[in-house]
Amino acid sequence: YGLAIGAVLALLYWIVRDPTLVGYVAGGLGATFLLLALAGWGLVRTLAPRRRGVGIAWRYGLANIVRRGRDSVVQIVAFGLGFTVLLLLSLVRDDLLRDWRASLPADAPNYFMINIRPDEAERVREFFTRAGFPSTELVPMLRARLVSINGASVDAVQFASDRASEFVEREANLTWSAALGPGNTIVAGRWWPVDRAPREPQVSVEREYAETLGLELGDTLTYDIAGDTVTGRITSLRDVRWDTFKPNFFVVFSPGVLDDVTGTLITSVHVEPDQRPALVELVRRFPEVTIIDIEAMLAQVRDVMDKASLAVQYVFLFTLAAGLMVLLAAVQATRDERRYESAMLRTLGATRGVVFQGVAAEFVVLGALAGLLAAGGATAVGWLLARRVFDLEYSPDPWIWVIGVLGGALLVGAAGLLAARSVVSHPPMQALRAGV
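Owing to the predicted nature of the structure, the values given are computational and were not obtained by experimental measurement.

Undergrad: Just to check I follow, could you spell out the overall build of the chain for this structure?
TA: Broken down by element type, the chain carries 13 helices and 11 strands. Scored against the burial criterion, the 436 residues of the chain give a buried share of 41%. For the chain, the share of sequence-separated contacts (at least 6 apart) that also reach a separation of at least 24 residues comes to 80%. Carbon and sulfur atoms make up 61% of the accessible area of the chain, which amounts to about 24000 Å² in all.

If you want it as structure tokens, here you go:
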């Protein structure tokens, strides 16, 4: 087990190259395994007092689960983990996408326009008005490269993650604004006065961007803009809601710093289906403008997600197959014991059908317990992702419980019956003679 776990962790690190992320994944899997084991053991123990209120076949099946408690817990965990991931990738993923779409306003922008020339800004606004597009702000944007932090060249700074190095190595999109943009919230420091430009260049930085680069309030950032450098001091950190589909930036300068630098304008707008022909006229009249269809991009992202999740589902189908192997091994390990039990029951008057129903009850209950844990685990993970990662109100689909419990009962029940069929069919006399 140690070699197997070590090999998996080494493979994860080789792929992601982030020890912190690998630690989170390992801790999450370990915690999930432990919680499933504890929950499985608790469910197995709760079956003991319930054996008296059911028929002979169910009493025999539940007694087998309780008597073989350790093996039962292993099987519940093996199937529960595989079912959990499959439910996450099939149902919970769709629930999160549905809740995210429901959180967006009906008039959320669905098109971005970039590369708008500043000298054509007024003409573009007039075109939007005539086309019936909602009023929108044209936001200035220019490309720059971060060259130093607190006077130290970024080439000499040791960053903690590859993501930080990527931020530094690529060009950044900068803007400037007097007012705080929509979807932006100050979480540290304060925004500059709206009615007047500050005396010194100031910078507002998105919080996660600052954490990635190790930036704090009071740090200075120097950018190279087409050979000229500009330096600003960080005076505020912002949380940004990127899913508003409004023009947002990691770095925003105070007014009066970049106003004279040549750049372009960017905007986003909501276009109704019957207004889309106007976009063709927009491109014809302003050929420099690039239009980005957000809905088409989201469709491509969803397509990639579907393919990736399908690949992961295939991987976890192997997990279920491994669970079936565990079940088969457990049945084979107790084959002689089960044969003797079956022979004793049939000798004492139980029919072959009753014994077969008892075995079926054992594996159906095991599968139902595994599906129950999987549905609970998938719902809990979905809630954590929605509230802690995506900041959404999660509304789980009740079908996840039905599909989890029934799917687990049918799959494990059928597999268990196939594995134990020879045990029930074995002649009682041979089993009794072998047990004497």
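Next, the rest of the story.
Undergrad: Got a minute to help me understand a nonpolar patch on the surface in this structure?
TA: On the surface, Trp-399, Val-402, Ile-403 and Leu-406 cluster together into a nonpolar patch covering about 400 Å² of accessible area. The topology assignment puts Ile-403 in helix H12 (residues 399–425). A residue is classified by how much of its surface remains accessible, and Ile-403, at 41% relative accessible area, is partly exposed.

Undergrad: Please explain the packing of aromatic side chains as it appears in this structure.
TA: The description of an aromatic ring pair uses the distance of the two centres, along with the angle that the planes make with each other. Inspection of every chain in the model, using the stated rule, returns 8 aromatic pairs. Pairing Phe-167 with Phe-250 gives two aromatic rings, centres 5.4 Å apart and planes at 70 degrees, and the pair type is edge-to-face. Of this pair, Phe-167 sits in helix H6 (residues 162–169) while Phe-250 sits in the loop between strand E8 (228–240) and strand E9 (251–253), and the two are 83 residues apart along the sequence. Under the relative-accessibility criterion, Phe-250 is labelled partly exposed at 26%. Through a chain of ring-to-ring contacts, the aromatic side chains of Phe-167, Tyr-209, Trp-242 and Phe-250 assemble into a single cluster.

Undergrad: For this particular structure, what's the right way to read the pattern of salt bridges?
TA: A pair can form between side chains of opposite charge whenever their charged atoms are brought close. Scanning the model with the defined rule gives 9 salt bridges in all. Here Arg-284 ties to Glu-281 by a salt bridge, and the two come within 2.4 Å at their closest N and O atoms. You can see Arg-284 and its partner Glu-281 sitting in helix H8 (residues 277–285), 3 residues apart, about one turn around the helix. When its relative accessible area of 58% is taken as the criterion, Arg-284 is described as exposed. On the accessibility criterion, Glu-281 (29% relative accessible area) is partly exposed. Salt bridges sharing common partners tie together Arg-117, Asp-119, Glu-120, Arg-123 and Glu-288.

Undergrad: I would appreciate a short explanation of H6 in the present structure.
TA: Residues spaced three or four apart along an α-helix point in a common direction, a consequence of the helix completing one turn every 3.6 residues. Of the positions making up H6, those classed as buried are Ala-164, Phe-167 and Val-168. For H6, the arc enclosing every buried residue in end-on projection is 95 degrees, short of the 170-degree limit, so these residues lie on one face. Turning to H6, the residues buried within the fold contact strand E2 (139–149) and helix H7 (207–213).

Undergrad: Which parts of the structure should I look at to understand the pairing of strand E10 (residues 264–269)?
TA: On any regular strand, side chains alternate: one points to one face of the sheet, the next to the other face. Among the 6 residues of E10, 5 are classified as buried, and the element is accordingly described as predominantly covered. Relative to E10, strand E1 (residues 111–116) runs antiparallel, the two being bridged by 4 bridges. When the sheet's bridge partners are listed, Tyr-111 is paired in E10 with Val-269.

Undergrad: How should unusual backbone geometry be read in this particular structure?
TA: Comment: phi is negative for the bulk of residues other than glycine, and the bulk of peptide bonds are trans. Backbone geometry at Asn-115 places phi at a positive 65 degrees, although glycine is not the residue there. The residue Asn-115 is located in strand E1 in this model. Relative accessible area serves as the criterion here: at 33%, Asn-115 is assigned to the partly exposed category. Located in the positive-phi region is Asn-150, a residue other than glycine, with phi close to 55 degrees. With respect to the helices and strands, Asn-150 occurs in the loop between E2 and strand E3 (152–153). With relative accessibility at 43%, the residue Asn-150 sits in the partly exposed group.

Undergrad: Explanation requested: the nonpolar core in the structure shown.
TA: If you look at soluble globular proteins, the nonpolar side chains tend to sit buried side by side. Leu-174 and Tyr-223 are the most contacted members of the largest nonpolar core, which totals 27 residues. Secondary-structure elements contributing two or more residues to this core are E2, H6, strand E4 (172–176), strand E6 (202–206), H7, strand E7 (220–225), E8 and E9. The leading source of residues in this core is E2, at 4 residues. Excluding residues within four positions of it along the chain, Tyr-223 makes contact with Ala-144, Arg-145, Leu-146, Val-147, Ala-172, Leu-174, Tyr-209, Asp-228, Thr-229, Val-230, Val-251 and Phe-253. Judged by nonpolar contacts, the second largest core, of 24 residues, contains Leu-369, Leu-373, Ala-378 and Ile-400.

Undergrad: It is not clear to me how the packing of helix H5 (residues 121–131) against H8 should be interpreted in this structure. Could you clarify?
TA: Across the interface, H5 lies against H8 with an axial gap of 11 Å and an inter-helix angle of 160 degrees. Here H8 runs roughly antiparallel to H5, going by the angle between their axes. You can see that H5 and H8 cross each other, and the crossing is right-handed. Note on element contacts: H8 touches H5 through Ala-278, Glu-281, Leu-282 and Arg-285, opposite Arg-123, Phe-127, Phe-128, Arg-130 and Ala-131. By residue class, the composition of the contact of H5 with H8 is 5 nonpolar, no polar and 4 charged.

What counts and what doesn't
Residues numbered from 1 in each chain as written. Predicted model: local features only at pLDDT ≥ 70, side-chain atom pairs only at ≥ 80, totals over all residues. Heavy atoms only, no water. Helix = DSSP H or I, 4+ residues; strand = E, 2+ residues; numbered from the N terminus. Buried < 20%, exposed > 50% of the residue type's maximum accessible area, 1.4 Å probe, protein only. Contact = heavy atoms within 4.5 Å. Areas by Shrake-Rupley, 256 points an atom, 1.4 Å probe, with all protein chains shown as cover. Patch = residues over 30% accessible without salt bridge, like charges linked within 9 Å, V, L, I, M, F, W, Y side chains within 5 Å. Salt bridge = Lys/Arg side-chain N within 4 Å of Asp/Glu carboxyl O. Phe/Tyr/Trp six-rings, centres within 6.5 Å; stacked < 30°, edge-to-face > 60°. Arc of directions from axis to C-beta. Pairing = 2+ DSSP bridges. Core = buried A, V, L, I, M, F, W, Y, C linked by side-chain atoms within 4.5 Å. Axes fitted to C-alpha atoms, helices over the stretch in contact; angles between N-to-C directions. Parallel < 35°, antiparallel > 145°, perpendicular 65-115°, else oblique. Left-handed = near helix turned anticlockwise from the far one by under 90°. Nonpolar A, V, L, I, M, F, W, Y, C, P; charged D, E, K, R; others polar.

Honestly, that's just the spatial picture; any functional story needs more than this.
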